[in-house]
Amino acid sequence: MGFEGGFDMARKMRARSIGILTSGGDCPGLNAAIRGVAKAALYHGMKVIGVMDGFRGLVENRTVQIEDQHVSGILTLGGTFLGSSRDKPYKMKMGDKVMDMTSVAIANAKRLQLDCLVCLGGGGTQKNALHLHKEGGINVLTLPKTIDNDVAQTDVSFGFDTALGIATEAIDRLHTTATSHHRVIVCELMGHSAGWLALGAGIAGGADVIMIPEIPYNLEAVAEHLRNRRHHGKRFSIIAIAEGAVSREEAKLLAKGGKPARMKLETVINNGIHLVREPMSSRVARQIQQLTGLEARVTQLGHVQRGGTPSAADRLLCTRLGTKAGQLLMDGVYNVMVAVRGDECVPVPLAKVAGFTKYVPANHPWVKTARLVGTCMGDVAEA
Ligand code: F6P
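The structure presented is a predicted model; accordingly, all values stated were derived computationally and were not measured.

Analysis parameters
Residues numbered from 1 in each chain as written. Predicted model: local features only at pLDDT ≥ 70, side-chain atom pairs only at ≥ 80, totals over all residues. Heavy atoms only, no water. Phe/Tyr/Trp six-rings, centres within 6.5 Å; stacked < 30°, edge-to-face > 60°. Helix = DSSP H or I, 4+ residues; strand = E, 2+ residues; numbered from the N terminus. Buried < 20%, exposed > 50% of the residue type's maximum accessible area, 1.4 Å probe, protein only. Near = heavy atom within 4 Å. Polar contact = N/O pair within 3.5 Å; in protein donor to acceptor, adjacent residues only side chain to side chain. Nonpolar A, V, L, I, M, F, W, Y, C, P; charged D, E, K, R; others polar. Domains from an automatic or database assignment. Pairing = 2+ DSSP bridges. Axes fitted to C-alpha atoms, helices over the stretch in contact; angles between N-to-C directions. Contact = heavy atoms within 4.5 Å. Buried area = accessible area lost by both parts, 1.4 Å probe. Salt bridge = Lys/Arg side-chain N within 4 Å of Asp/Glu carboxyl O.

### A look at the packing of aromatic side chains
Right, so step 1: Considering all chains together, one arrives at two aromatic pairs under this definition.
Right, so step 2: Pairing Trp-196 with Trp-366 gives two aromatic rings, centres 5.7 Å apart and planes at 85 degrees, and the pair type is edge-to-face. In this pair, Trp-196 sits in helix 6 (residues 196-204) while Trp-366 sits in helix 12 (residues 365-372), placing the two residues 170 residues apart along the sequence.
Right, so step 3: A relative accessible area of 6% places Trp-196 in the buried class.

This is the structure in structure tokens:
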């Protein structure tokens, strides 16, 4: 069996039976994408099997046959009707043990006689799908999903646009209350390793400071920016910060393979019963208040960013990606991710996606845009 550039050249048989699973953190648009894949596959006469709760459902053999009525009326629904989990086939908690369940997952996919397993997910899902292909010769095809927008090789991932809208509206709302009370409000957004969401929503919402993992911050530079705003009569400020933002010191530590102190900041309270960790945004707000004397508050948007109905742009994207997947399955193109490139949806070898992350380049046009409207990016702005 040949494997040229990640395309499985030996198998050009069109798919007659496919499985679909959703894996990793959920996001708005998953149902729309399942619908797109399933409707196109059913249109082409394929049998469609839904696998419940991501790779766990494959290991535990929990499946459901999908007919047209199952995917009718779900375009606008948030979440995923198949359920999702972060379980990896090669490292799965089974009872009180963690086991490599790869062979079971492969055996179940073969027993189901799936010509291809369609996996909807983010970075972890891309890796898990490639793992099943490499270990068991299972044909896989993936779609890029995540509000973090950090899947490699695609212009955009579905879920991002909806989260961008939710986060921007939140920042808008924080503006009015910050103005009334002359406060600094630190708004924490999701994005553990890439800052697309904080950057996009920060620009769209007019945040005064944006802090993202790719640009390690210097709190003194942030404090100086806030003092200047106050000096010019601006009595409130909004800071949009990605959950994975790191200070310059932490970035150096991470580069040496260490762990930033905040990850170790677990304190035992109530006689050892309860463990608490100071959220990163609280720490930043506390330090900003100390440095500037300005009153600071914190808002963590958390899973609100992943909930509810998908935006029109995400519904359109999911339907385009899903139906393109259906076409590729018809053409027997496997072991690819369907990526967005401009107006097109194109197959990209999965080997070029799995294990890679799309970070925000420090000189990305969005970063330049933010700087040009006077937004502090957490560092000392270059002239
Ligand atoms: O993977 C996307 C993401 O939204 C990250 O930004 C965030 O760190 C993570 O999910 C949190 O997800 P959960 O609480 O479901 O593990």
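Read on, since the account is not over.
### With respect to the site of the ligand
Right, so step 1: Taken together, Arg-86, Ile-147, Asp-148, Met-190, Gly-191, His-192, Glu-243, His-303 and Arg-306 make up all the residues around the ligand.
Right, so step 2: Between the ligand and the protein, one listed contact pairs an oxygen atom with a side-chain N or O atom of Asp-148 at 2.8 Å.
Right, so step 3: A distance of 3.2 Å is found between an oxygen atom of the ligand and a backbone nitrogen or oxygen belonging to Gly-191.
Right, so step 4: The residue makeup of the shell around the ligand, split by class, is two nonpolar, three polar and four charged.
Right, so step 5: The two domains that each donate at least three residues to the shell around the ligand are domain 1 (4-158 + 310-352) and domain 2 (164-306 + 362-372).

### Some remarks on the sheet that holds strand 6 (residues 116-121)
Right, so step 1: Taken together, the seven strands give an open sheet; going across it, the order is 3-2-1-6-7-14-15, and neighbouring strands pair in mixed fashion. Taken across any chain shown, the strands that pair with only one partner, and hence form the sheet edges, are strand 3 (63-65) and strand 15 (344-349). Taking the axes of each pair of neighbouring strands and ignoring which way they run, one obtains an average angle of 25 degrees across the sheet.
Right, so step 2: Note that strand 14 (residues 336-341) and strand 15 share six bridges and pair antiparallel. Bridging across to strand 15, Met-337 finds its partner in Val-348.

### What about the sheet that holds strand 9 (residues 209-211)?
Right, so step 1: Taken in spatial order, the four strands line up as 9-10-8-13 in an open sheet, and their pairing is parallel. Edge positions in the open sheet fall to strand 9 and strand 13 (296-300), since each of these has one partner strand only. Sheet twist, expressed as the mean angle between neighbouring strand axes with direction ignored, is 20 degrees.
Right, so step 2: Across the face of the sheet, helix 5 (residues 160-181) comes into contact with strand 8 (184-189), strand 10 (237-242) and strand 13 while running at roughly 165 degrees to strand 8.
Right, so step 3: Each of strand 8, strand 9 and strand 10 is contacted by helix 7 (residues 219-231), which is oriented at about 165 degrees to strand 9, the strand it contacts most.

### What to know about the domain arrangement of the chain
Right, so step 1: Here the chain is described as being made up of domain 1 (4-158 + 310-352) and domain 2 (164-306 + 362-372).
Right, so step 2: The C-alpha centroid of domain 2 is placed 34 Å from the C-alpha centroid of domain 1.
Right, so step 3: A buried area of about 750 Å², summed over both sides, lies between domain 1 and domain 2, and 50% of it is on carbon and sulfur atoms.
Right, so step 4: On inspection of domain 1 and its partner domain 2, the count reaches one salt bridge.

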